[in-house]
Amino acid sequence: MYVELGEPGKDEGGNRKNLANGPMPVEELVGGVIYAREGGEVYLALVHDIFGHWTLSKGKLQPGEEHHAGVQRKAKEETGLAVAVEDQLGENEYVANDSKVSGGKKKRHATYFLAKAEFTDLVLKKEGGLDDAQWFPLASVGDLNFYDDILPIITRAINILAQKQS
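Below, the structure is looked at part by part.

A look at the side chain of K106
By secondary structure assignment, the location of K106 is in strand β6 (residues 105–117). Judged by relative accessible area, K106 falls into the buried class, the value being 6%. Within the local environment of K106, its side chain forms a polar contact with the side chain of D98, the two groups lying 2.8 Å apart. When residues no more than four places from it in sequence are discounted, the contact partners of K106 are M24, P25, E27, Y94, V95, A96, D98 and V101.

Encoded structure:
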């Protein structure tokens, strides 16, 4: 089940960063906006979580693991896709619940990258709080339910992809 049950409040604004007093453990995450080109269109591979949001493939960076390797590993684990990591898109931080740490909360720091894949069937890893994975044409991405802190990352990816097309 989803360890970070604080996720649904992720879109409640900036106050989440200041929920706990004192220092919190920091968990480093990496994620990717995965895209593919097919038939003259650009598609994004997104995962859906059990809280009803479409989001990006992401996960914990392993000790000693480089960011690009982490993005490739998480993309493969969660979607079955082999990806080539390109541009860094941005970072965000939020507080998640974790009963295993003192104080019950930890800070999660995520770094996101643009990652290219072949347009092939997605193979969802049905654990860790994900219940679907799909390709979406860029034109329909704006209609999806995202966490607020993911929107700037996706917007930057779309802008980079638009520049690459011209």
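Focus: the packing of aromatic side chains
Using the criterion set out here, one finds three aromatic pairs in the structure. Both rings, one in Y43 and one in F119, keep their centres 4.6 Å apart while their planes meet at 40°; by these two values the pair is tilted. In this pair, Y43 sits in strand β2 (residues 41–49) while F119 sits in the loop between β6 and β7 (130–137), placing the two residues 76 residues apart along the sequence. When its relative accessible area of 15% is taken as the criterion, Y43 is described as buried. With centroids separated by 5.1 Å and ring planes inclined at 45°, the aromatic side chains of F119 and W135 adopt a geometry described as tilted. With F119 in the loop between β6 and β7 and W135 in strand β7, this residue pair connects regions lying 16 residues apart in the sequence. Judged by its relative accessible area of 15%, W135 falls in the buried class.

What counts and what doesn't
Residues numbered from 1 in each chain as written. Predicted model: local features only at pLDDT ≥ 70, side-chain atom pairs only at ≥ 80, totals over all residues. Heavy atoms only, no water. Helix = DSSP H or I, 4+ residues; strand = E, 2+ residues; numbered from the N terminus. Buried < 20%, exposed > 50% of the residue type's maximum accessible area, 1.4 Å probe, protein only. Polar contact = N/O pair within 3.5 Å; in protein donor to acceptor, adjacent residues only side chain to side chain. Contact = heavy atoms within 4.5 Å. Phe/Tyr/Trp six-rings, centres within 6.5 Å; stacked < 30°, edge-to-face > 60°.

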